[in-house]
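# Structural characterization, general
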Amino acid sequence: MVAQARAKDLLDWYDRHRRRLPWRALPGEISDPYALWLSEVMLQQTTVTAVIPYFENFLSRWPTVQALASAHLDDVLTQWAGLGYYARARNLHACARVISETLEGSFPDDEEALIRLPGIGSYTAAAIVAIAFDHRAVVVDGNVERVMARLHAVEDPLPQSKPRLKKLADVLTPAKRPGDYAQAVMDLGATVCTPKSPSCVLCPWQKPCAARRLGVAETLPRKLPKKAKPNRKGVCLWLTRPDGAILLRRRPEKGLLGGMMEVPSTPWGDQEWRRQDAHPHAPVTVAPSKWTSLPGLIAHTFTHFHLELHVEAASVTVRRAEAAAEKPDHYWVHLDAMGEHPLPSLMRKVVKHVVKVGY
Ligand code: SF4
């Protein structure tokens, strides 16, 4: 007879092998919902290793949800820079404000109330309820989906199989220690039931695991083939003032890199840009002969497309620089002050590139 997977076996394993993470309470301690929420928002689309320094920095700057709510959004975006998916940082700040201003600084302990807050989806709501409040909730992230797909040898591909995987996760979620259980499945997925080469011999569920028995663990969960990402191209327009300051502008609040600062550029399209077509996109009029084409390209990959940027650079007169500074959301910034502005990774690459080629 095939053994049944039991939450208890996983919890026993977790008691011996749990990871120590800065946002995780020690055995017997109570999780801080604020720290947990912060970590969960940061961990969406990002690895634990990348998140730890950001998490520690945020928590030391803003130790409470009220402190984060009182922060200036630009400071939050600046400290978030490099983590990507900047809508998360804006939602983080908006959510802190709602909790601080309307909920007396306390996180709700039920999923429905949590989902109504900015930036909290069903996964994060369930994780907060289970881990911070130890209430039963079915927490399903990519790790949990992988473990469930393997444990039950689910052959249907993601994302169609999501509802079935959630049901399977629900059946296994215990009423006792649901917070530890949620973290145990996450740890199992992160350290043992890894996407490639799962370490089945170390797994507390090796006996009941159907994928291990059938020898198909590494092939699960199946996924529909990804569409190839299109390539887009653009030209950055690097403008300097006589004292060396560089012109930056703020991107619109909505959309990609919303609210972040950028080196002005042309739109990003499918075609290679001709220099003469790119220059009129500069926020300041510059005579065609004043532009210098910088060597090299800056490559960056977003979720849905690859981008290649070329840089055109020019110096502008004091009079033109003053006119540019009067435009809304345009700022002259010195190189050594770039770190005080919310520049996304792509724009940091652009700055590094220009400094490297020595304009
Ligand atoms: Fe994953 Fe292997 Fe454990 Fe199955 S036995 S859950 S495939 S690590």
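No experiment lies behind these values; they were computed from the predicted model shown. (Residues numbered from 1 in each chain as written. Predicted model: local features only at pLDDT ≥ 70, side-chain atom pairs only at ≥ 80, totals over all residues. Heavy atoms only, no water.)

Along its sequence, the protein is carved into domain 1 (7–219) and domain 2 (231–357). Computed over C-alpha atoms only, the centres of domain 1 and domain 2 are separated by 37 Å. Both sides together, the interface formed by domain 1 and domain 2 hides about 890 Å², and carbon and sulfur atoms give 48% of it. Counting the surface domain 1 buries against domain 2, the share from its top three residues, Thr78, Tyr86 and Arg90, is 50%. (Domains from an automatic or database assignment. Buried area = accessible area lost by both parts, 1.4 Å probe.)

This part covers the packing of aromatic side chains. Per the stated rule, a full pass over the model turns up eight aromatic pairs. Both rings, one in Trp268 and one in Phe302, keep their centres 6.0 Å apart while their planes meet at 25 degrees; by these two values the pair is stacked. Pair noted here: Trp268 is in the loop between strand E3 (261–262) and helix H13 (275–278) and Phe302 is in the loop between strand E5 (298–301) and strand E6 (306–315), with a separation of 34 residues, a long-range link. Of the two residues examined, Trp268 and Phe302, each falls in the buried class. In this structure an aromatic cluster arises from ring pairing among Tyr34, Trp37 and Phe107. Of note, Arg232 hangs over the ring of Phe305, and the distance from its end group to the ring centre comes to 4.2 Å. (Phe/Tyr/Trp six-rings, centres within 6.5 Å; stacked < 30°, edge-to-face > 60°. Helix = DSSP H or I, 4+ residues; strand = E, 2+ residues; numbered from the N terminus. Buried < 20%, exposed > 50% of the residue type's maximum accessible area, 1.4 Å probe, protein only. Lys NZ or Arg CZ within 6 Å of the ring centre and 35° of its normal.)

Here we come to the side chain of Thr124. With respect to the element layout, Thr124 can be found in helix H8 (residues 122–133). Separated by 3.1 Å, the side chains of Thr124 and Gln44 make a polar contact. Contact partners of Thr124, with chain neighbours within four places excluded, come to Glu40 and Gln44. (Polar contact = N/O pair within 3.5 Å; in protein donor to acceptor, adjacent residues only side chain to side chain. Contact = heavy atoms within 4.5 Å.)

The next point concerns the pattern of salt bridges. Enumeration over the complete set of coordinates arrives at 18 salt bridges. One salt bridge connects Arg136 with Asp170, and the closest N-O pair in it is separated by 2.8 Å. Residue Arg136 is found in the loop between H8 and helix H9 (142–151), and its partner Asp170 is found in helix H10 (residues 162–172); the two are separated by 34 residues along the sequence. On the basis of relative accessibility, which here comes to 38%, the residue Arg136 falls in the partly exposed class. When its relative accessible area of 33% is taken as the criterion, Asp170 is described as partly exposed. Arg241 is paired through a salt bridge with Asp243; the nearest N and O atoms lie 2.8 Å apart. In this structure Asp243 comes out as partly exposed when scored by relative accessible area, which is 43%. Because the salt bridges share partners, they merge into one network encompassing Asp15, Arg177 and Asp180. (Salt bridge = Lys/Arg side-chain N within 4 Å of Asp/Glu carboxyl O.)

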